[in-house]
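# Coordinate inspection notes
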Amino acid sequence: MQTHPFFGSVIDRIAGIFVTITAWILYSLLLYCYGGLEWWMAGIDGLVSVGLLAIAGYLYGYIVEAIHAFQIRVLLGSLAQAISLAGAWEIEVWIRRETLADFSATLPLRLTFGISAWIILLMWYRIYNLEEQDLTESTEPDEPEYLINEASAATSDEESMLDRISVKDGSRIHIIHLDELLYIQSSGDYVTLFTPSGQYVKEQTMKYFEAHLPSDIFVRIHRSCIVNMEQILRVELFGKENYQVRLKNDVCLRASLSGYKLLKRRLNL
């Protein structure tokens, strides 16, 4: 299970929505000013074109780290452009009964905007992944930040370690024992606790759980994920310097390179 970059935090979600709306307005203005479309048609055309492109870009975020071949990236980008153009063409034909010649006249504008938007999106994904890697690396080369936390957690008093987690849900309070906890995943300003009986959201930080969960059972394999090592079935290579941690309940979690190294250290491999 992989957290989409747009779900990394509330700010990322707001920024993604804002950029999409801005791109729609800008594209509609270009179609109106330089494409010869009426203002209302430019708005509808822009909404469909940018909407399809945004959906394709959103879905691409789930596989961006697994795609390393340049040819495949070009192919997927071309497919996204084709889908966006096909949607715009269908709208133009359905509403305006536009001919292929009229639509072809706007192709340079459409392709220039679409390709530019796609390149910017890929650059954002790249920057996001680099920032994520920096957060999981310590100041020393190849030394994960978790090792520093691991050392500090080891010096903590036993009384500070958790043996259970309480989660308030309205008027109810759920008690989660550590042997029931499968893994923890970051959800912006909250964390989601996954157990065999369900999911529970708690307003707490990942660093808190990393410092207060037993280090011989729980390990932080990713900036956004802490896993119960007793639930791990196997670890598989997934893309370049990325790994999949498969649990006994057939859930797959993504592990960074530094997280994989820490997992090996904890497992004495």
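The sections below set out a description of the structure shown in this document. (Residues numbered from 1 in each chain as written. Predicted model: local features only at pLDDT ≥ 70, side-chain atom pairs only at ≥ 80, totals over all residues. Heavy atoms only, no water.)

## Thoughts on the pattern of salt bridges
Going through the model one piece at a time under the given rule, you end up with seven salt bridges. The shortest N-O distance in the salt bridge between Arg 246 and Asp 250 comes to 2.7 Å. Judged by relative accessible area, Asp 250 falls into the exposed class, the value being 55%. (Salt bridge = Lys/Arg side-chain N within 4 Å of Asp/Glu carboxyl O. Buried < 20%, exposed > 50% of the residue type's maximum accessible area, 1.4 Å probe, protein only.)

## Some thoughts on the packing of aromatic side chains
Per the stated rule, a full pass over the model turns up six aromatic pairs. Taking the centre distance of 4.2 Å and the plane angle of 10 degrees together, the rings of Tyr 183 and Phe 194 count as stacked. Taken together, the positions of Tyr 183 in strand E3 (residues 183–187) and Phe 194 in strand E4 (residues 190–195) put the pair eleven residues apart, joining distant regions of the chain. We note that Tyr 183, like Phe 194, is buried. (Phe/Tyr/Trp six-rings, centres within 6.5 Å; stacked < 30°, edge-to-face > 60°. Helix = DSSP H or I, 4+ residues; strand = E, 2+ residues; numbered from the N terminus.)

## Some thoughts on the sheet that holds strand E8 (residues 232–237)
Two pairing modes exist for strands in a sheet, parallel and antiparallel, and in both the strands are linked by backbone hydrogen bonds. Taken together, the three strands give an open sheet; going across it, the order is E8-E9-E10, and neighbouring strands pair in antiparallel fashion. Lying at the two open borders of the sheet, with one neighbouring strand each, are E8 and strand E10 (252–255). This sheet shows a mean twist of 25 degrees between the axes of neighbouring strands, independent of strand direction. (Pairing = 2+ DSSP bridges. Axes fitted to C-alpha atoms, helices over the stretch in contact; angles between N-to-C directions.)

## A word on the sheet that holds strand E7 (residues 225–228)
The sheet built from five strands is open, its strands ordered E5-E4-E3-E7-E6 with antiparallel pairing. A single partner strand is all that each edge strand has here, and the edge strands are strand E5 (198–202) and strand E6 (218–222). Here the average twist between neighbouring strands, direction ignored, is 25 degrees. As judged from the three bridges shared by E3 and E7, these two strands associate in the antiparallel manner. When the sheet's bridge partners are listed, Tyr 183 is paired in E7 with Val 227.

## Section: the nonpolar core
One finds Tyr 183, Ile 221, Val 227, Val 245, Leu 247 and Leu 253 to be the most contacted residues of the largest nonpolar core, which totals 17 residues. Taken together, the elements giving at least two residues each to this core come down to E6, E7, strand E9 (243–247), E10 and helix H8 (257–266). When residues in this core are grouped by element, the largest group, three residues, is from E9. Ranked by size, the runner-up nonpolar core spans 15 residues in total, among them Ile 165, Leu 178, Leu 181 and Tyr 200. (Core = buried A, V, L, I, M, F, W, Y, C linked by side-chain atoms within 4.5 Å.)

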